[in-house]
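Report on the structure
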Amino acid sequence: MQGCTLQDIAMASPAFQTAKEAAPISLTPKYILPEHERPHLTQVSSSSSIPLIDLQDYLDGRDHDHVVHAVSRACEEYGFFQIINHGVPEELCNSLMDSAAAFFQLPPTIRAQLLNSPVEEGWVFGAYQKVAGLDDQFSMWGESFAHLCDLSGDSKLSQIFHKHAPKYREAIGEYARQMDVLIKCLLGLMSLGLGLEKECLESKIGENYVLRATTNYYPPCPDPELSMGLHAHTDPGALTVLRQSEHVAGLQVLKDEKWVWVEPLPNAFVVNVGDQIQVLSNGKYKSVRHRAVTNKESARVSLPMFYIPNIERVIEPIQELINAENPPLYRKYKSSEYSAELQKQMGTRWRVMETFELQPNKDKLSH
Ligand SMILES: O=C(O)CCC(=O)C(=O)O
Ligand SMILES: [Fe+2]
């Protein structure tokens, strides 16, 4: 299937078999969520969505105050926005998207080999698919793989990719380098929007940061009201830049207690604030809950690139943002502590940031 495109795959047979299971995915009890965890799709607003921001003026070096303003407003009000004219070559994105999708057409026995890959290789494969508050009882309708990117050379890819997904391997190195440039540009805009030096957020996250590439694959689901592609969560890193299938909607964001769709747009990226930037900005920029739902007709693929501080990094609200009216909302912590708390809450509470709050201020912070 190396030569097929994402659209071919979307039209392909819905009988997807996960790497962990012996039969094609079907609505067995572990995929049928209890009523209160279901997506309730009829209640999702299609009239509003997240802001769309054109980066052209900024990248061309023209007057960019309006871009800074749009970015900071989006980070404060939504925690999410889409960008166009971002400078990342479209062919590269398409080729990564197609080859990542084709990976899920490989026989499950080949994908299953990744389940046993050593952790040191940076692999997580299969189900990080637990449901909030329900322990290990239910699975999400989908499959994922993830790996760390090494910007200086070849990404840390398992041999399976060298052998069975050479096109993915070819594209991901350059894609990660392009994402690195884009993320730094976004951090500059976000810093300026907080009234800080352009380099501020980048320097607070530090030099030895991690870029983690993930691919989520959601096969068609016979009844999308009963199951979920990815449960509601916030991203634990600093910033996420996500590419998604152009013709298949699935991502939803919580805005004023209601779920809104993120419309798939041609050659756009979805950007969202992660927990670490909410803490650094002392709650001004919001790390907002989001989720992925499924549909009956088409497979959907999303490719988030997570920008994460090194585990040794110490994170705390930026001093310049603290004053008498804005006391610190979070305590100082080491990233490894955050990560340990995330592991502890996995599949249960999914409210990691709250653990680090100095004074619970539920009205001010996002849900
Ligand atoms: O599939 C999507 O659009 C959402 C993916 C996501 O939120 C994640 O992987 O953290
Ligand atoms: Fe996410």
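This one's a predicted model, so the numbers in the text were calculated from it and none came from an experiment. (Residues numbered from 1 in each chain as written. Chains lettered and ligands numbered in written order. Predicted model: local features only at pLDDT ≥ 70, side-chain atom pairs only at ≥ 80, totals over all residues.)

The subject of this paragraph is the overall build of the protein. A tally of helices and strands in the protein yields ten helices and 14 strands. Taken across its 367 residues, the protein has 43% of its residues classed as buried. (Helix = DSSP H or I, 4+ residues; strand = E, 2+ residues; numbered from the N terminus. Buried ≥ 20, exposed ≤ 12 C-beta atoms within 10 Å, placed from the backbone.)

Cross-referencing UniProt, the feature "domain: Fe2OG dioxygenase" (unreviewed entry) maps to residues 206-309 in the present numbering. The span residues 206-309 is 6% helix and 43% strand, and its two end C-alpha atoms sit 7 Å from each other. (UniProt positions renumbered as here; feature names shortened; annotations may be inferred.)

Turning our attention to the sheet that holds strand S6 (residues 230-233). Spatially, S6-S11-S8-S9 is the arrangement adopted by the four strands of the open sheet, whose pairing is antiparallel. Across the chains shown, the open sheet's two edge strands, defined by having one partner strand only, are S6 and strand S9 (258-261). Here the strands of the sheet are splayed against their neighbours by 25 degrees on average, with no regard to which way each runs. The pairing of strand S8 (residues 251-255) with S9 spans four bridges and is antiparallel. Within S9, the residue paired with Gln252 across the bridge is Trp261. (Pairing = 2+ DSSP bridges. Axes fitted to C-alpha atoms, helices over the stretch in contact; angles between N-to-C directions.)

Moving on, we come to the environment of Leu358. With respect to the helices, strands and loops of the structure, Leu358 is situated in the segment after helix H10 (335-345). The class for Leu358 is exposed, based on 12 C-beta atoms found within 10 Å. Spatially, the C-alpha atom of Leu358 lies 4.9 Å from that of Tyr330, the residues being 28 residues apart in sequence.

The subject of this paragraph is the environment of Val44. Relative to the helices and strands, Val44 is located in the loop between helix H1 (6-11) and strand S1 (52-54). Along the backbone, Val44 and Leu182 are 138 residues apart, and their C-alpha atoms lie at a distance of 31 Å. Dropping the residues within four chain positions of it, Val44 is found in contact with Gln252, Trp259, Val260 and Trp261. (Contact = placed C-beta atoms within 7 Å.)

At a closest axis distance of 8 Å, the pairing of helix H3 (residues 65-77) and helix H7 (residues 166-193) adopts a crossing angle of 85 degrees. By the angle between their directions, the pair H3 and H7 is classed as roughly perpendicular. Taking contact as the criterion, the partners of Val67, Val68, Val71, Ser72 and Cys75 in H3 are, on H7, Leu189, Met190, Leu192 and Gly193. Across the contact of H3 with H7, the residue classes break down as seven nonpolar, two polar and no charged. (Parallel < 35°, antiparallel > 145°, perpendicular 65-115°, else oblique. Nonpolar A, V, L, I, M, F, W, Y, C, P; charged D, E, K, R; others polar.)

What follows is about the pairing of strand S5 (residues 210-218). With six bridges connecting them, strand S4 (residues 143-148) and S5 associate as antiparallel partners. The partner of His147 across the bridge, within S5, is Ala213. Across seven bridges, S5 lies against strand S12 (residues 300-308) in antiparallel orientation. Of the residues in S12, the one forming a bridge with Asn216 is Ser302.

Looking now at the confidence of the model for the protein. Looking at the protein as a whole, the pLDDT averages 88, with 87% of positions reaching at least 70. Across residues 362-367 the pLDDT falls below 50, and counting only partners more than four positions away or on other chains, this stretch makes nine contacts in the model. Both scores are given for the predicted complex: the pTM is 0.93, the ipTM 0.99. (pLDDT = per-residue confidence, 0-100.)

To continue, consider the environment of Glu337. Turning to its location among the elements, Glu337 is positioned in helix H10. Residues Glu337 and Val314 lie 23 residues apart in sequence; the distance between their C-alpha atoms is 9.5 Å.

Next up on the list: the nonpolar core. Note that soluble globular proteins tend to have their nonpolar side chains buried in a common cluster. Ranked by size, the top nonpolar core spans 84 residues in total, and within it Val71, Phe81, Leu96, Met190, Leu239 and Val241 carry the most contacts. For this core, the element with the most residues is H7, which contributes twelve residues. For Leu239, the contacting residues outside a window of four places in its chain are Ile183, Leu186, Leu187, Val273, Gly274, Ile277 and Tyr307. (Core = buried A, V, L, I, M, F, W, Y, C linked by C-beta atoms within 7 Å.)

A separate point is H7. Side chains that are three or four residues apart share a direction in an α-helix, a result of its 3.6 residues per turn. Here H7 is 28 residues long and its end C-alpha atoms lie 41 Å apart, about the 40 Å a rise of 1.5 Å per residue gives. At Ile172, H7 shows its largest bend, some 30 degrees. (Expected span 1.5 Å × (residues − 1). Bend = angle between axes of the 7 residues up to and from the residue.)

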